[in-house]
Amino acid sequence: MCGIFAYLNYLTAVDRQSIADILTQGLKRLEYRGYDSAGLAIDGDVDREVLIYKQVGKVAALQKLIQEQNTIDWTKTFTSHCGMAHTRWATHGQPSPINSHPHRSDPKNEFTVVHNGIITNYRELKLVLEKKGYTFESETDTEAIAKLAKYIWDSQKGNKTLTFTDLVKGVVKELEGAFAMIFKSVHFPNEIVATRRGSPLLIGVKTPKKLKVDFVDVEFGGIAEEIPAEVEGAPAALSSLEVPKLRRSESRAFLSEDGLPQQIEYFLASDPSAVVEHTKTVLYLLDDDIANIREGELRIHRLRRDDGISSIRSIQTLEIELAEIMKGSFDHFMQKEIYEQPESVVNTMRGRVNFDTHKVTLGGLKTYLPTIRRCRRIVFIACGTSYHSALATRAIFEELTEIPVSTELASDFLDRKCPIFRDDVCVFISQSGETADTILAMRYCIERGALCVGVTNTVGSSISRESHCGVHINAGPEIGVASTKAYTSQYIALVMIAIQLSEDRTSMTARRNEIIDGLHALPGHIKEVLAIDQELQRLARDVLHKEKSLLIMGRGFQNATCLEGALKIKEVSYMHSEGILAGELKHGPLALVDENMPVILIMTRDSLYPKVRSALEQVTARKGQPIIICNKGDDAINAESKTIRVPQTVDCLQGLLTIIPLQLLSYHLACLAGVDVDFPRNLAKSVTVE
């Protein structure tokens with residue numbers, strides 16, 4: 001949930017102020033991942049001195065704190081330097097300077113660490129280290145990592161010859177949970193070590209000349225130094241450490257033609273958005289990779305030898321542009337991303353839907369289509385907005401494929417230890433591809449032999465790598481914490497999967513053609529909905545702004561729209577909002593309805609229109625005055641009713657048009673409430689912890 005960033009320059013002159021600016025700007029790009037406090041660590045004026053600055057609040061508060069520091073020379077230039085930074089989403093301990101990262105091993109800052117994730121055995125580690133005489137100053141799990149690093153360093157016999165990489169290996173072997181971590185130490189100046197397990201981490205590389213190769217070799221080895229065993233009752237012993245036996249030589253990718261180091265800059269980050277303004281050349285670390293950057297060279301080690309993981313890491317080129325992660329002329333990222341949907345839905349379909357031949361081709365699934373068609377059932381597994389996209393498309397999946405489909409919230413799926421079999425197909429949906437519960441559910445299903453399909457927006461993410469096959473939704477970067485364009489792109493991607501799976505059923509040809517024609521008209525229809533934005537703004541201001549609660553009702557294909565719309569309103573405007581299946585109205589929710597309860601009813605022209613009309617009559621009979629989202633040209637709606645009219649399209653695609661007014665309403669309600677639209681309180685964009 002947190003964002004980590006590091007910058008290392010080698011043979012490249014950069015002044016301290018520029019280093020601080022690079023670190024804080026990197027944090028700003030990652031602020032959607034957490035924004036209750038921030039901090040950074042850079043070198044001081046004295047040899048082997050590390051300065052740590054931490055502040056509660058957004059990154060701007062940290063920048064202000066740094067600007068007020070006049071005790072050090074900010075113009076000092078470094079030809080080699082490494083600094084790291086962190087923006088926090090609190091999991092252990094309230095937001096405070098002492099709980100903020102970077103965390104240190106001791107008052108001299110011998111070891112400092114930034115961490116994204118949760119260490120589940122930190123209490124046991126803390127207990128052991130306290131018995132060893134180490135004093136803790138924060139409430140966080142991360143501080144145990146820094147203290148453990150110092151304990152391993154202090155426990156060496158004789159001359160301290162342990163390398164930084166081997167020391168970090170010793171730390172990682174004791175940790176349980178999910179993490180991406182970056183280490184810095186006064187004992188290893190201008191050197192940085194990074195590792196991950198379950199949380200994302202990538203390395204950007206910037207050089208004056210093009211790199212000679214497009215991969216980095218992985219080095220396999222153990223730990224060279226024997227480390228004392230723990231006291232009785234401690235976690236795994238720290239003494240079972242092996243002498244390294246290098247199996248591959250390090251890559252020469254980062255050396256000049258004559259074999260000497262060259263000018264180079266490294267950018268380590270939780271997300272590509274933080275490095276794209278500096279470089280598009282990146283390398284994604286895998287779980288249990290340990291990356292060491294020293295004297296301009298990047299080396300990648302593995303925690304264990306012969307674990308079946310590839311022995312090279314590909315150097316890739318980012319396809320996103322800086323403009324895509326900037327707000328441009330919009331006031332907020334959420335507003336920008338809502339307005340990008342006419343283009344984002346086209347990008348999701350581009351190269352995949354042939355509107356002339358009415359054919360869908362998803363290359364990522366091609367090899368596995370026969371297996372999916374033979375499966376016993378399809379299980380959608382996701383969280384939050386991604387779960388709603390699965391719910392929205394479940395009916396069309398069942399209709400087109402005649403395969404039973406279930407939808408599961410990943411956390412509940414894991415809690416129940418849901419039975420999964422080899423002839424099941426499990427579809428995992430996540431915008432980031434790093435959602436912790438969804439990843440754990442996927443690994444659970446892989447262990448049980450099910451075919452796992454990933455649907456993500458992030459190339460190189462854990463879900464895209466670990467699933468057997470999948471579809472990238474290609475919605476483009478989504479910075480606002482409240483998901484908007486990713487939802488509509490996930491919706492379309494799932495519809496396309498259903499269409500392709502049903503291509504062997506000639507009885508469904510007419511239905512498929514109807515849906516594909518609807519997809520063709522979709523961008524234009526979305527523009528029509530966006531054109532009524534001012535009307536929605538007035539509705540939010542005049543009718544809904546002062547309300548404390550809101551009910552959103554619908555059924556059939558619109559049930560998911562109700563749930564997603566209610567979620568958007570809750571998360572960005574902090575107004576209580578509830579999505580209600582209209583068919584359940586008489587089973588309890590109707591008791592809430594009176595003349596003071598605001599209600600939005602989705603009543604579009606589909607097969608369930610008469611039933612939804614019945615729900616409307618039940619609401620009005622209790623003096624309710626619902627706002628009705630209906631189709632243009634629907635004259636059956638009472639002229640006195642407040643309406644939001646959207647174009648009519650195929651029933652299974654109508655939810656793509658009815659959700660947009662609710663996205664816009666939630667945005668305007670948040671603006672009217674004066675809250676931070678892009679960074680709602682207590683939330684973060686990418687939920688990388690359970």
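Source: prediction; values computed, not measured.

**Student:** So what exactly am I meant to see when it comes to the domain arrangement of the chain here?
**Tutor:** Often the size quoted for an interface is simply the accessible area lost on bringing the parts together. Taken domain by domain, the chain consists of domain 1 (3-221 + 250-322), domain 2 (327-504) and domain 3 (532-682). One C-alpha centre belongs to domain 1, the other to domain 3, and the line joining them spans 46 Å. Contacts between the two partners involve 5 residues from domain 1 and, on the opposite side, 5 residues from domain 3. Counting each side, the surface lost to burial between domain 1 and domain 3 is near 400 Å², with a carbon and sulfur contribution of 52%. By the criterion of area lost to domain 3, the three top residues of domain 1 are Y35, K58 and W89, representing 82% of everything that side buries. Summed over the shared surface of domain 1 and domain 3, the number is 1 salt bridge. Taking the shortest distance from any N to any O, the salt bridge between D676 and K58 comes out at 2.4 Å.

**Student:** Sorry, what's going on with the UniProt feature "domain: SIS" (unreviewed entry) in the chain here?
**Tutor:** In the numbering used here, UniProt assigns the "domain: SIS" (unreviewed entry) feature to residues 368-507 and 540-680. For residues 368-507, helix accounts for 46% and strand for 20%, while the C-alpha atoms at its two ends are 22 Å apart. End-to-end, the C-alpha atoms of residues 540-680 are 19 Å apart, and along that stretch the chain is 38% helix and 18% strand.

**Student:** Explain empty space enclosed by the protein to me, please; I cannot follow it from the model alone.
**Tutor:** A probe as big as a water molecule, rolled over the atoms, marks out the empty space that is left. Across all of its chains, the model carries 2 cavities of 30 Å³ or more by this definition. Elements with a contribution of two residues or more to the lining of the second largest cavity: β20 (424-430) and α13 (485-501). Partitioning the lining of the second largest cavity into residue classes produces 9 nonpolar, no polar and no charged.

**Student:** I keep staring at unusual backbone geometry and nothing clicks. Help me out?
**Tutor:** With glycine set apart, most residues show a phi of negative sign, and most peptide bonds adopt trans. Residue P102 is bonded to the preceding H101 through a cis peptide linkage, with omega at 0°. Inspection of the secondary structure puts P102 in the loop between β4 (77-88) and β5 (103-104). Phi at K417 is positive, roughly 50°, even though this residue is not glycine. The residue K417 is located in the loop between α10 (410-416) and β20 in this model. Classification of K417 as exposed rests on a relative accessible area of 60%. In the Ramachandran plot, K623 falls in the positive-phi region, its phi being about 70° despite a non-glycine side chain. By the secondary structure assignment, K623 is in the loop between α17 (609-621) and β26 (627-631).

**Student:** Which parts of the structure should I look at to understand the layout of surface pockets?
**Tutor:** Counted as a void, the largest pocket has a volume near 770 Å³. Taken together, 37 residues make up the lining of the largest pocket; nearest its centre are P272, I320, N457, T458 and V459. Those elements that provide at least two residues to the lining of the largest pocket are β12 (281-284) and β15 (312-317). Lining the lining of the largest pocket are residues from two domains, each supplying at least three of them: domain 1 (3-221 + 250-322) and domain 2 (327-504).

**Student:** I tried to follow the packing of aromatic side chains on my own but got confused; where do I start?
**Tutor:** To describe a pair of aromatic rings, you give the distance between the ring centres and the angle between the ring planes. Tallied over the full model, the rule gives 11 aromatic pairs. Between the NZ or CZ atom of K147 and the centre of the ring of F136, over which it lies, the distance is 5.3 Å.

Calculation rules
- Residues numbered from 1 in each chain as written.
- Predicted model: local features only at pLDDT ≥ 70, side-chain atom pairs only at ≥ 80, totals over all residues.
- Heavy atoms only, no water.
- Domains from an automatic or database assignment.
- Contact = heavy atoms within 4.5 Å.
- Buried area = accessible area lost by both parts, 1.4 Å probe.
- Salt bridge = Lys/Arg side-chain N within 4 Å of Asp/Glu carboxyl O.
- UniProt positions renumbered as here; feature names shortened; annotations may be inferred.
- Helix = DSSP H or I, 4+ residues; strand = E, 2+ residues; numbered from the N terminus.
- 1 Å grid on protein atoms, 1.4 Å probe; cavity = no way out; pocket = protein on both sides within 12 Å on 5 of 7 lines; lining within 4 Å.
- Points joined across faces, edges and corners; volume = space filled by probe spheres on them.
- Nonpolar A, V, L, I, M, F, W, Y, C, P; charged D, E, K, R; others polar.
- Buried < 20%, exposed > 50% of the residue type's maximum accessible area, 1.4 Å probe, protein only.
- Phe/Tyr/Trp six-rings, centres within 6.5 Å; stacked < 30°, edge-to-face > 60°.
- Lys NZ or Arg CZ within 6 Å of the ring centre and 35° of its normal.

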